[in-house]
There are 4 protein chains.
Amino acid sequence: MATDSRPADVLARRHPQHRDEWGVEFARIVAFSDGVFAIAITLLVLAFQIPENSPDVVHSLLSQSGDVFAYALSFAVLGRLWLAHHRFFSVLERFDARLMGLNLLYLAWVVLVPFTSEVLGDYGNDSGGVILYAAVMLGVTLTFGVEIVYAYRAGLVKPELRGVEHRYAGTASFIVAAVFLASIPVALVAPDFAPLMWLVVFFSGYRLARLLGYES
Amino acid sequence: MATDSRPADVLARRHPQHRDEWGVEFARIVAFSDGVFAIAITLLVLAFQIPENSPDVVHSLLSQSGDVFAYALSFAVLGRLWLAHHRFFSVLERFDARLMGLNLLYLAWVVLVPFTSEVLGDYGNDSGGVILYAAVMLGVTLTFGVEIVYAYRAGLVKPELRGVEHRYAGTASFIVAAVFLASIPVALVAPDFAPLMWLVVFFSGYRLARLLGYES
Amino acid sequence: MATDSRPADVLARRHPQHRDEWGVEFARIVAFSDGVFAIAITLLVLAFQIPENSPDVVHSLLSQSGDVFAYALSFAVLGRLWLAHHRFFSVLERFDARLMGLNLLYLAWVVLVPFTSEVLGDYGNDSGGVILYAAVMLGVTLTFGVEIVYAYRAGLVKPELRGVEHRYAGTASFIVAAVFLASIPVALVAPDFAPLMWLVVFFSGYRLARLLGYES
Amino acid sequence: MATDSRPADVLARRHPQHRDEWGVEFARIVAFSDGVFAIAITLLVLAFQIPENSPDVVHSLLSQSGDVFAYALSFAVLGRLWLAHHRFFSVLERFDARLMGLNLLYLAWVVLVPFTSEVLGDYGNDSGGVILYAAVMLGVTLTFGVEIVYAYRAGLVKPELRGVEHRYAGTASFIVAAVFLASIPVALVAPDFAPLMWLVVFFSGYRLARLLGYES
């Protein structure tokens, strides 16, 4: 920043000059993202329906087994995404306006998960419900991959953590995105099979990324 | 504060004297505002309706295209507002009771957006739904403009950032407010056209503010 | 704490010994309380009903004027409570288990406000809806008063801020509680009149507390 | 860390090397957990139903006494869990991936409480509603016990706080879990009696844990 040739007032206009200020702003972006994740993950519970005037409440509850599967899957998915987001932010040195925009776009996909999860719980045997879920997860993972790649290219990552192995985080995200994309035609033929593909990618994607040298 | 002539007990009564304490309080106002934004933006998802016992879930989902447009628009709007709020707070040095009150009033408008967004999604071709959305956005942007102007007049902005170019932030907010106001009579005649005006103002308002020397 | 005669392991068991740790814990209580306030205030929007397949959406929206009044009142009430809570916490030096319990009880009342607000919006001309609102506000303000008095008696307030004028914060809270109590029999006879009493107490209670030397 | 024999790039890959960075990450996990607790506790209010076009609103409200009991119980339960979680985190020195996973699993149970509470409020005299509540609480307390035991075994607790008395925190959690388990067969025979068992365990479990030397 000492070598930045732009006039001081332009810099002042674009962002506060003090490191402390940036610290506060970074914290706000983190807090906002965490808040959205925390709310989205908690709204998953709204998928369960309270039986109304049911003579046999146990039976009514057991009939929601699709919702239980969708809840467990989506909680694991959102928890996993949050951990990856958490790790990504921990290697960031700073933010720019474009990364903020990308992060908002990413969150716009994340916020849809409670809805797609509820549809999956109710229509898990139906191609439509499965494809909707896969499409939103495709949006989530693609945007996250773009976010990571952009952060590396724009030099927003801490210099000491710009090692080759970190670059695979974006790759891992695109691999997962490819599986979600591939599961869409699969869901047209075999809707029950597609979620199995997702589960496999969540575990082997993790292992694959480890092989490639990056855990997220 | 060393030259403040009021008696010490009055100052103590009005606010804690230590800088650290103010740091904590400022952080609480920021956290509260961020929390409200994060919840409001996540509640946007409640606008989507789960098809009930639908034989054709794809068709039921596709029929919600109005909701998809309203979701995308409102997520962009709330994200944009949060970024502007974020930037405004980063130039603030301190808070007073009136700015806190204005900020609460501002948040009271922001909280209404998930509702107006849901109405817009269901009644986007109807003047009523469009006018309601425009009226709330008018409230949001007017209050934000007043908040900015007040903060500058009351000397709550960091001295090193009180340059001329920052004053345009309030102006930019009033320009956007004026377009929302102008879209109300337009919506009475052509409800489909008014949202286009909003989109234009969100992009050219940004460019215009840049011309005027301030990005928010 | 240097003069504390209890053995070190008992102290260690009860709370972490480092000031930093207490800083973190204090921050968590604050963040949790702020989170509850932010969510409760945002859930107020759920009181508005989306007209379903309404031929005249404007008319449907205008018929919710009771909800608009309840929203404005409850946003002002929750905003005011949050500001007072904010100010109370800023004079606290530390927490003990009992104050934490009282604070949770206080939040349990606060969380009910979106519900009582929605009932008030729908049944504002009915004694039942008005009494329910007054009863919950009575619970809120009484608990807050007890919280303040307890914090002073248990010596949890910063020594430099234990001046006489701060003690009136509890008194002010009890005065407001008394007005909410008095509004209950009034609501039985004149349900439309009781909310006016609340508005008066929110403004003159403020002025009265100022006369007594404390703003909250 | 100076004596860590793993190559520097492996360490860099697994976690940021700076203490400050871990401070930020720890804070995010805490903030996320607090956010989930705050939202779950606030969503409890959604269990109350707004009477629709009721001629006698008081009667409609009084008929929700089961919901009031479930609300009070669940607010106390979630508040108590949050306090215990709060205390547990205050003795932690650091996190590892497994503890993060366990904490997410724990939160997955916590998020279900607003749903089970609503079912309990509506079907409190029915074995099904009571067993569902007990089963989720069993999941909560078992997972919390495992989290505590794991943190001690993996050496994630601050060295100065690894005294014998802290180990009882896990034990206390398992005792409470055992009572929730025992209440399930009881609920089959006497659904009204099981919640009394829970209340006893919440108070005597507390006392018992105190006898054992740990308050949570």
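Residues numbered from 1 in each chain as written. Chains lettered and ligands numbered in written order. Predicted model: local features only at pLDDT ≥ 70, side-chain atom pairs only at ≥ 80, totals over all residues.

Draft legend 1. Here's a closer look at the overall build of chain A. Looking only at helices and strands, chain A has nine helices and zero strands in total. Secondary structure of chain A in N-to-C order comes out as α-α-α-α-α-α-α-α-α. Out of the 216 residues in chain A, the part that is buried amounts to 47%. When contacts within chain A are restricted to residue pairs at least 6 apart in sequence, long-range pairs at least 24 apart make up 78% of them. (Helix = DSSP H or I, 4+ residues; strand = E, 2+ residues; numbered from the N terminus. Buried ≥ 20, exposed ≤ 12 C-beta atoms within 10 Å, placed from the backbone. Contact = placed C-beta atoms within 7 Å.)

Draft legend 2. Layout of the interface of chain D and chain A. Listed per partner, the contact involves 29 residues of chain D and 28 residues of chain A. When contributions to the side of chain D that touches chain A are tallied by element, the ones reaching two or more residues are α1 (8–14), α2 (19–43), α5 (97–122) and α6 (127–153) of chain D. Tallied by class, residues from the side of chain D that touches chain A come to 18 nonpolar, three polar and eight charged. (Nonpolar A, V, L, I, M, F, W, Y, C, P; charged D, E, K, R; others polar.)

Draft legend 3. Local environment of helix α6 (residues 113–122) of chain A. For α6 of chain A, the tally of buried residues reaches ten of ten residues, placing the bulk of the element in the interior. Residues of α6 of chain A that are buried include every one of Val 113, Pro 114, Phe 115, Thr 116, Ser 117, Glu 118, Val 119, Leu 120, Gly 121 and Asp 122 of chain A, and no others.

Draft legend 4. Focus on the packing of helix α4 (residues 65–91) of chain B against helix α5 (residues 97–122) of chain B. All names here are of chain B. Viewed as axis vectors pointing N to C, α4 and α5 meet at an angle of 155°, and their least axial separation amounts to 8 Å. Here α5 runs roughly antiparallel to α4, going by the angle between their axes. With respect to the hand of their crossing, α4 and α5 are arranged in right-handed fashion. Listed contacts from α5 to Gly 66, Asp 67, Ala 70, Tyr 71, Ser 74, Val 77, Leu 78 and Leu 81 of α4 are Val 110, Val 113, Ser 117, Leu 120, Gly 121 and Asp 122. A per-class count over the contact of α4 with α5 returns eight nonpolar, four polar and two charged. (Axes fitted to C-alpha atoms, helices over the stretch in contact; angles between N-to-C directions. Parallel < 35°, antiparallel > 145°, perpendicular 65-115°, else oblique. Left-handed = near helix turned anticlockwise from the far one by under 90°.)

Draft legend 5. Region of interest: the nonpolar core. Formed by 258 residues in total, the largest nonpolar core has its most connected members in Val 110 of chain A, Val 110 of chain B, Val 110 of chain C together with Val 110 of chain D. Those residues in contact with Val 110 of chain D that lie beyond four places of it in its chain are Val 36, Phe 37, Ala 40, Leu 81 and Val 140 of chain D. (Core = buried A, V, L, I, M, F, W, Y, C linked by C-beta atoms within 7 Å.)

Draft legend 6. The arrangement of the confidence of the model for chain A in detail. Scored by pLDDT, chain A comes out at a mean of 79, with 78% of its residues at no less than 70. Scored below 50 in pLDDT, residues 1–22 of chain A makes 17 contacts in the model with residues more than four places away or belonging to other chains. (pLDDT = per-residue confidence, 0-100.)

Draft legend 7. Looking closely at the relation of the copies chain D and chain A. Expressed as a screw transformation, the operator carrying chain D onto chain A has a rotation angle of 90° and an axial translation of 0.0 Å, and the superposed copies differ by an RMSD of 0.0 Å. Given the turn and translation reported, the copies of this chain are related as if by a four-fold rotation axis. (Least-squares fit on C-alpha atoms with pLDDT ≥ 70 in both.)

Draft legend 8. Representation of the relation of the copies chain A and chain B within the structure. Once chain A is rotated about the relating axis by 90° and shifted along it by 0.0 Å, it coincides with chain B to within an RMSD of 0.0 Å. When the interface residues of chain A are mapped onto chain B, a mere 10% of them are again interface residues, pointing to distinct binding faces.

Draft legend 9. Broad picture of the interface of chain A and chain B. Taken together, the 29 residues of chain A in the interface contact 28 residues of chain B. Of all elements in the fold, only α1 (8–14), α2 (19–43), α5 (97–110), α6 and α7 (127–153) of chain A reach the threshold of two or more residues within the side of chain A that touches chain B. The greatest single-element share of the side of chain A that touches chain B, amounting to ten residues, is contributed by α2 of chain A. Split into classes, the residues belonging to the side of chain A that touches chain B amount to 18 nonpolar, three polar and eight charged.

Draft legend 10. Structural detail: the environment of Gly 155 of chain B. Within the fold, Gly 155 of chain B resides in the loop between α6 (127–153) and α7 (164–189). With 115 residues separating them in the primary sequence, Gly 155 of chain B and Ala 40 of chain B have C-alpha atoms 30 Å apart.

Draft legend 11. Quick peek at the packing of helix α5 (residues 97–122) of chain C against helix α6 (residues 127–153) of chain C. All names here are of chain C. At a minimum axis separation of 8 Å, α5 and α6 run at an interaxial angle of 160°. It follows from the interaxial angle that α5 and α6 lie roughly antiparallel. Here α5 and α6 pass one another in a crossing that is left-handed. A breakdown of the residues in the contact of α5 with α6 according to their chemical character gives 19 nonpolar, five polar and three charged.

Draft legend 12. Looking closely at the environment of Gln 64 of chain A. By secondary structure assignment, the location of Gln 64 of chain A is in the loop between α3 (57–62) and α4 (65–91). With 15 residues separating them along the chain, Gln 64 of chain A and Gln 49 of chain A place their C-alpha atoms 8.1 Å apart.

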